[in-house]
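Observations on the three-dimensional arrangement
Residue strings, one per chain:
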Amino acid sequence: MSTAPVVLVTGGAGYIGSHTLIALHEAGYAPVVVDNLDNASLRAIERVRALTQAQIPFHQVDLRDGPALSQVVAQHQPQACIHFAGLKAVGESVAQPLRYYHNNLLGTMELLRVLEEAECFHMVFSSSATVYGDAQEMPLTEDVPLSATNPYGRTKLFIEHMLFDVAAAQKRWRCMNLRYFNPVGAHPSGQIGEDPSGIPNNLMPFITQVAVGRRPHLQIFGDDYSTPDGTGVRDYIHVVDLAKAHVAALAALPKITGCEAVNVGTGRGSSVLEVLRAMEAASGRAIPYQVAPRRAGDVAVSYADPSKAQRLLGWQAEHDLTAMCQDAWRWQEQNPQGYAG
Ligand code: NAD
Ligand code: UDP
């Protein structure tokens, strides 16, 4: 029987989760996936199994289904949990706040209850730079006061508080709230990647869909920000680097007490036009665009101070924007319709 530490991965069929399964496997962990497939395809799991040559267990379970979740936990007895599962579209969360609160908050509460019952007290949680609200001072450090500007962001903020509270009440808890900046790119095999349903909200999948001919042009939301070229600046992080940050966070849990929040970014900002030019170079295709009004709720600039991740996790990003675009493009070109193709 394998002695690899078992890690429960909620939302493991999704974009970041599927990449993290590979990083976990490579680092000698035995991941077990729980996902309700609300925003994912079983093909992602099949492809991860093919890439890793590992029979990664998969359970189609909704986190809010306590008895089913308990059964999975009793069967596999994980030592730790990486909690990706949740709904993540900002605009949708404004239109359907109760759906977001129900899914993200109740799902997490049920998960924590089941894990406590099984005495599994190690948790890495997918938080987001969205918890910095519209903070202006850059780079963003973990000490910037937290706030939220939409229901999605409020679920992230509330779950961070939840984890601090459970860790204060039960000293065996160790939690790492990883605050992701802008995850992009794909596994270099081109076998797994981001597969948004419907019209992509985020810049990178929209750009690759234009490049592959699925959409006529990109709309650039504002070119009158006070940034070097007028377009919005973000800290894009390669999903493979992000996946490795989860492995580093798991390994660091025993040396922390309670709960820690850690930024996961490169520390470098790129503008919309820079990303567009980098994708043109990666794909060898012209990417038409039109300038549109600013998108409500967008900040001009956001980038991380990633020094705490380096200090606490011994982690830093390795991929630059060129690699992010090359890998995102390989995935899109090989899978023009995503997993459905
Ligand atoms: P994703 O939608 O691809 O993955 C989330 C997965 O969770 C999906 O596979 C979905 O089916 C599953 N899921 C949702 N609700 C569930 C429930 N109640 N029970 C079981 N499974 C459920 O999203 P992603 O981009 O991989 O993001 C993963 C996490 O990282 C999310 O929590 C997201 O909020 C957070 N995050 C993402 C980004 C980003 O830009 N992608 C940025 C910051 C934070
Ligand atoms: N953006 C854009 N057109 C799009 C999608 C995004 O110009 O179709 C811009 C957006 O205004 C922001 C940047 O690209 O400046 C990154 O947006 P994304 O939604 O990917 O990330 P977030 O705004 O959540 O950081």
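The coordinates are above.
Residues numbered from 1 in each chain as written. Chains lettered and ligands numbered in written order. Predicted model: local features only at pLDDT ≥ 70, side-chain atom pairs only at ≥ 80, totals over all residues. Heavy atoms only, no water.

Some words on the site of ligand 2
Inspection of the region around ligand 2 gives 14 residues, with Leu203, Gln219, Arg234, Arg295 and Asp298 positioned closest. Separating an oxygen atom of ligand 2 from a side-chain N or O atom of Arg234 is a distance of 2.8 Å. Here an oxygen atom of ligand 2 and a side-chain polar atom of Asp298 are 2.6 Å apart. Here the residues of the shell around ligand 2 are counted per class, giving six nonpolar, five polar and three charged. (Near = heavy atom within 4 Å. Polar contact = N/O pair within 3.5 Å; in protein donor to acceptor, adjacent residues only side chain to side chain. Nonpolar A, V, L, I, M, F, W, Y, C, P; charged D, E, K, R; others polar.)

Comments concerning the sheet that holds strand S3 (residues 58-60)
Taking strand neighbours across the sheet as the criterion, the seven strands line up as S3-S2-S1-S4-S5-S6-S11 in an open arrangement whose pairing is parallel. Looking at strand neighbours, the two that pair on one side only are S3 and strand S11 (258-264), the edges of this open sheet. Sheet twist, expressed as the average angle between the axes of neighbouring strands with direction ignored, equals 20 degrees. Sheet topology places strand S2 (residues 30-35) next to S3; three bridges connect them, and they run parallel. Following the sheet pairing, Val33 is matched in S3 by Phe58. (Pairing = 2+ DSSP bridges. Helix = DSSP H or I, 4+ residues; strand = E, 2+ residues; numbered from the N terminus. Axes fitted to C-alpha atoms, helices over the stretch in contact; angles between N-to-C directions.)

Some remarks on the nonpolar core
One finds Leu24, Val124, Met176, Leu178, Leu250, Leu313 and Trp315 to be the most contacted residues of the largest nonpolar core, which totals 47 residues. Broken down by secondary-structure element, the contributors of at least two residues to this core are strand S1 (6-10), helix H1 (15-26), helix H2 (42-52), strand S4 (80-83), strand S6 (174-180), helix H8 (239-252), S11 and helix H10 (307-313). Those residues in contact with Met176, other than ones at most four positions away along the chain, are Met123, Val124, Phe125, Ala249, Ala252, Leu253, Ile256, Glu260, Val262, Leu312 and Leu313. Core analysis: the next-biggest nonpolar cluster, separate from the first, contains 28 residues, Val32, Ala68, Leu69 and Leu112 among them. (Core = buried A, V, L, I, M, F, W, Y, C linked by side-chain atoms within 4.5 Å. Buried < 20%, exposed > 50% of the residue type's maximum accessible area, 1.4 Å probe, protein only. Contact = heavy atoms within 4.5 Å.)

Brief notes about the environment of Gln136
Looking at the element boundaries, Gln136 is found in the loop between strand S5 (122-128) and helix H6 (151-169). A relative accessible area of 64% places Gln136 in the exposed class. For the pair formed by Gln136 and Phe58, sequence separation is 78 residues and the distance between their alpha carbons is 42 Å. From its side chain, Gln136 meets the backbone oxygen of Asp134 in a polar contact 2.7 Å long.

Considering the packing of helix H9 (residues 272-283) against helix H11 (residues 321-334)
Packing of H9 against H11 leaves a shortest axis separation of 9 Å and a crossing angle of 55 degrees. Relative to H11, the element H9 lies oblique. Helix-helix and strand crossings are classified by hand; for H9 and H11 the assignment is right-handed. In contact with Glu274, Val275, Ala278, Met279, Ala282 and Ser283 of H9, H11 contributes Leu321, Cys325, Gln326, Ala328 and Trp329. Here the residues of the contact of H9 with H11 sort into eight nonpolar, two polar and one charged. (Parallel < 35°, antiparallel > 145°, perpendicular 65-115°, else oblique. Left-handed = near helix turned anticlockwise from the far one by under 90°.)

Observations concerning the packing of aromatic side chains
Scanning all chains against the criterion turns up three aromatic pairs. The interplanar angle of 85 degrees and the centroid separation of 5.3 Å between the aromatic rings of Phe121 and Trp173 together place this pair among those described as edge-to-face. Taken as a pair, Phe121 in the loop between helix H5 (97-117) and S5 and Trp173 in the loop between H6 and S6 lie far apart in primary sequence, 52 residues in all. The same class applies to Phe121 and to Trp173, which are both buried. Directly above the aromatic system of Phe206 lies the positively charged group of Arg215, at a separation of 5.9 Å from the ring centroid. Seen from the ring of Tyr225, Arg294 lies directly overhead, with NZ or CZ sitting 4.0 Å from the centre. (Phe/Tyr/Trp six-rings, centres within 6.5 Å; stacked < 30°, edge-to-face > 60°. Lys NZ or Arg CZ within 6 Å of the ring centre and 35° of its normal.)

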